[in-house]
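In case you want the letters, here they are:
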Amino acid sequence: MMNYHVLTLFPEMIEQGLHTSILGRAMETGALTLETVNIRDYADNRHHKVDDYPYGGGAGMVMQAEPVYRACLSVQERIGQRTGRRARVIYVTPQGSVFCQKTARELAREEDLIFLCGHYEGIDERVLEEVVTDYVSVGDYVLTGGELAAMVMIDAVSRLVPGVLNNEESAQFESFEDGLLEYPQYSRPKNWRGKQVPPVLLSGDHLRVEAWRREQSLLRTRKRRPDLYEAYERERNTQEKPGTSGKRKIGAVVFEWSACAGGTDSGEGEPKAAPYLEEILKLSGELGLWRGLAGDCPAGGKDGFLQILDKKGLFERILKEDTGERELGGNFYKQLLEEVHLPGKKVLAFVSSPEGIQKAREAGMRVVWLSPQGGPLEKSQICFRQIADFLEGMALLRNL
Ligand code: SAM
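Description of the structure in this document. What you see is a predicted model, and the numbers here were worked out from it, not measured in a lab.

### A closer look at the packing of aromatic side chains
The geometry of an aromatic ring pair comes down to the distance between the two centres and the angle between the two planes.
Thinking step 1. All chains considered together, the criterion is met by six aromatic pairs.
Thinking step 2. When the ring of Phe255 is compared with that of Phe350, the centres are 5.0 Å apart and the planes differ by 20°; the resulting orientation is stacked. Within this pair, whereas Phe255 is found in strand 10 (residues 252–256), its partner Phe350 is found in strand 13 (residues 347–351), the two being separated by 95 residues in sequence.
Thinking step 3. Accessibility expressed as a relative area gives 0% for Phe255, which makes it buried.
Thinking step 4. Through a chain of ring-to-ring contacts, the aromatic side chains of Phe255, Phe315, Phe350 and Phe390 assemble into a single cluster.
Thinking step 5. One residue, Arg222, lies across the ring of Tyr229, its end atom 6.0 Å from the ring centre.
Thinking step 6. The aromatic ring of Phe384 is capped on one face by Arg385, whose charged end is 5.1 Å from the ring centroid.

Below is the structure:
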């Protein structure tokens with residue numbers, strides 16, 4: 001349960017804003033209570049005036065210390081009588097630390113919270129020094145008053161108070177819960193104006209759905225909030241298993257040409273890049289893995305997506321037949337291994353042909369079989385792992 005007390009010059013704004021929808025329902029059930037205190041009621045003049053000119057000159061008016069002090073004191077006294085404690089007083093101000101999910105979680109553990117909303121040019125500093133415990137901002141911009149800021153914070157904190165959200169509303173994973181943004185969401189219909197729901201979400205395979213969501217969450221965070229993504233990666237690296245000293249088990253990844261083409265290399269027309277090929281190459285680079293391409297790349301590949309990936313520098317080495325670097329019948333995988341100076345077990349080979357499996361195994365590499373249709377393997381083809389797409393490959397890389 002949480003009891004909010006909002007000190008404001010505009011109580012009706014808070015009352016109107018917070019009594020609807022989920023918070024309104026939580027106030028009816030008693031999971032939340034809301035008390036608004038009009039600072040004007042604590043003015044000691046006939047006109048209930050609470051502001052005056054700033055000492056030293058300058059534009060605007062300043063809220064005076066005494067009415068704010070008295071309003072705050074009366075609330076603290078009532079809380080004290082009920083709980084025997086003083087509540088935290090949050091002054092919402094652009095000069096505070098920026099509010100985030102972590103702050104919301106921390107505040108949700110309290111039983112009472114007092115929010116102090118400023119207006120005009122702000123509040124006399126002396127009363128702030130006297131009563132405020134936390135200075136919190138909603139972001140680096142200036143609002144006309146603190147009411148909207150207090151409502152934003154109350155809304156975010158309330159969602160974390162037990163009993164406010166019902167089971168359907170309380171999400172298992174939400175943006176920021178683990179430092180990442182949430183994955184994209186879809187609902188009916190399956191086909192909306194020609195746009196399909198990602199098939200994996202209709203597969204009924206919970207593990208694959210989870211892997212897909214995790215990956216989307218990582219991709220989205222990296223694209224939209226690189227700052228969050230970097231912090232997440234830093235955190236993750238410091239949590240590497242003891243004894244590994246931050247070193248991964250593998251040092252290089254090798255992609256068979258046909259795996260890169262995701263099975264679209266029918267020999268006719270321009271083959272297409274497999275879904276998430278660029279993403280897995282970028283991720284490999286970020287993880288510090290050497291990246292090579294091996295295999296019988298047809299001439300078309302030279303002009304198509306492979307060339308684009310090459311230009312972006314996503315492979316460190318492309319070894320293919322039409323470069324004339326291979327003796328027919330030779331083993332690309334062994335050649336790449338010699339170039340990268342790593343033992344085979346430190347190299348992960350993504351392949352999608354039986355020949356690829358065989359050659360990569362001969363080179364001693366760990367073989368990951370890309371099989372979009374998920375076909376069963378023969379005994380002679382048993383691999384380190386079988387994946388349906390590079391999305392799963394990315395999850396695999398992150399966990400090695
Ligand atoms: N003169 C103040 C300054 O430059 O820091 C700004 C005063 S602002 C116009 C009036 C009130 O709006 C503030 O006292 C504060 O309560 C609230 N406010 C404005 N921007 C805010 C923000 N980004 N976060 C939280 N409260 C804010």
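### Focus: the site of the ligand
Thinking step 1. Around the ligand sit 20 residues in total, of which Tyr91, Val92, Gln95, Tyr141 and Leu143 are the nearest.
Thinking step 2. Between the ligand and Thr93 there is a distance of 3.3 Å, counted from a nitrogen atom to a backbone nitrogen or oxygen.
Thinking step 3. Note that a nitrogen atom of the ligand is positioned 3.1 Å from one of the backbone N or O atoms of Glu121.
Thinking step 4. Mapped onto the shell around the ligand, the elements with two or more residues apiece are strand 5 (88–98) and strand 7 (134–137).
Thinking step 5. Looking at the shell around the ligand, the element that brings in the most residues is strand 5, giving five residues.
Thinking step 6. Across the shell around the ligand, the residue classes tally to ten nonpolar, nine polar and one charged.

### Brief notes about the sheet that holds strand 15 (residues 385–387)
Thinking step 1. The strand order 12-11-10-13-14-15 describes an open sheet built from six strands, whose pairing is parallel. Of all the strands in the sheet, the pair left with one neighbour each is strand 12 (317–320) and strand 15. Strand-to-strand twist in this sheet, taken as the mean axis angle between neighbours without regard to direction, amounts to 20°.
Thinking step 2. With five bridges connecting them, strand 10 and strand 11 (residues 290–295) associate as parallel partners. Paired with Ala252 across the two strands is Trp290, which belongs to strand 11.

### Remarks on unusual backbone geometry
Thinking step 1. Along the chain, Arg188 connects to Pro189 via a cis peptide bond; the corresponding omega equals 5°.
Thinking step 2. We note that Tyr276 has phi near 65°; this positive angle belongs to a residue other than glycine.
Thinking step 3. Looking at the secondary structure, you find Tyr276 in the loop between helix 9 (257–260) and helix 10 (277–286).
Thinking step 4. By relative accessible area, which is 22% here, Tyr276 ends up partly exposed.

### Thoughts on the side chain of Ser284
Thinking step 1. Positionally, Ser284 belongs in helix 10.
Thinking step 2. Setting aside residues up to four positions removed in sequence, Ser284 forms contacts with Val253, Leu289, Arg291 and Leu397.

### Considering the pairing of strand 6 (residues 112–117)
Thinking step 1. Where burial is concerned, most of strand 6 is hidden: six out of the six residues are buried.
Thinking step 2. Neither face of strand 6 is exposed, since Asp112, Ile114 and Leu116 on one face and Leu113, Phe115 and Cys117 on the opposite face are all buried.
Thinking step 3. Of the pairings in the sheet, the one linking strand 1 (residues 2–8) to strand 6 comprises five bridges and is parallel in character. In the strand pairing of strand 6, Asn3 is matched with Asp112.
Thinking step 4. Across five bridges, strand 5 lies against strand 6 in parallel orientation.

### As for the nonpolar core
Thinking step 1. Membership of the largest hydrophobic core comes to 36 residues, with the highest contact counts inside it found for Phe255, Leu277, Phe315, Leu348, Phe350, Phe390 and Leu397.
Thinking step 2. Once residues lying within four places of it in the same chain are set aside, the contact partners of Phe350 are Val253, Val254, Phe255, Glu256, Ala259, Ile280, Val368, Ile387, Phe390, Gly393 and Leu397.
Thinking step 3. One finds Phe99, Ala108, Val136 and Val157 within the second-largest nonpolar core, a separate group that totals 30 residues.

### Here we look at the sheet that holds strand 5
Thinking step 1. The sheet built from five strands is open, its strands ordered 2-1-6-5-7 with parallel pairing. Single-partner strands in this sheet number two, and they are strand 2 (32–38) and strand 7. Between one strand axis and the next, the sheet turns by 30° as a mean value, whatever way the strands run.

Calculation criteria
- Starting afresh in each chain, residues are numbered from 1 along the sequence in its written order.
- The predicted origin of the model limits local features to residues at a pLDDT of at least 70 and limits the giving and counting of side-chain atom pairs to 80 or more, whereas totals for whole chains, interfaces and linings rest on all residues.
- Hydrogens are left out, water is left out, and the side-chain values use all remaining heavy atoms of the structure.
- Two rings from Phe, Tyr or Trp (for Trp, the six-membered ring) form a pair when their centres are within 6.5 Å of each other. A pair whose planes differ by under 30 degrees is stacked, one over 60 is edge-to-face, and the rest are tilted.
- Secondary structure follows DSSP: runs of H or I at least 4 residues long count as helices, runs of E at least 2 residues long count as strands, and numbering of each begins at the N terminus.
- Accessibility here uses a 1.4 Å probe with only protein chains present; expressed as a share of the type maximum, an area under 20% marks a residue as buried, one over 50% as exposed, and anything in between as partly exposed.
- Whether a charge lies above a ring is judged from NZ of Lys or CZ of Arg, which has to be within 6 Å of the ring centre and within 35 degrees of the ring normal.
- Near, as used in this document, describes a residue that has one of its heavy atoms within 4 Å of the molecule or strand being considered.
- N or O atoms closer than or at 3.5 Å make up a polar contact, with two conditions inside protein: a donor-capable atom paired with an acceptor-capable one, and, for residues adjacent in sequence, both atoms drawn from side chains.
- Asp, Glu, Lys and Arg are counted as charged, while Ala, Val, Leu, Ile, Met, Phe, Trp, Tyr, Cys and Pro are counted as nonpolar; the rest, among them Gly, fall into the polar class.
- A pair of strands counts as paired when DSSP detects no fewer than two bridges linking them.
- In this analysis, axes come from line fits to C-alpha atoms, helices being fitted only over the stretch in contact, and the angle between any two N-to-C directions falls in the range 0 to 180 degrees.
- Residues are treated as being in contact if the distance between any of their heavy atoms lies within 4.5 Å.
- Here, nonpolar core refers to any group of buried Ala, Val, Leu, Ile, Met, Phe, Trp, Tyr and Cys residues whose side-chain atoms link them within 4.5 Å.

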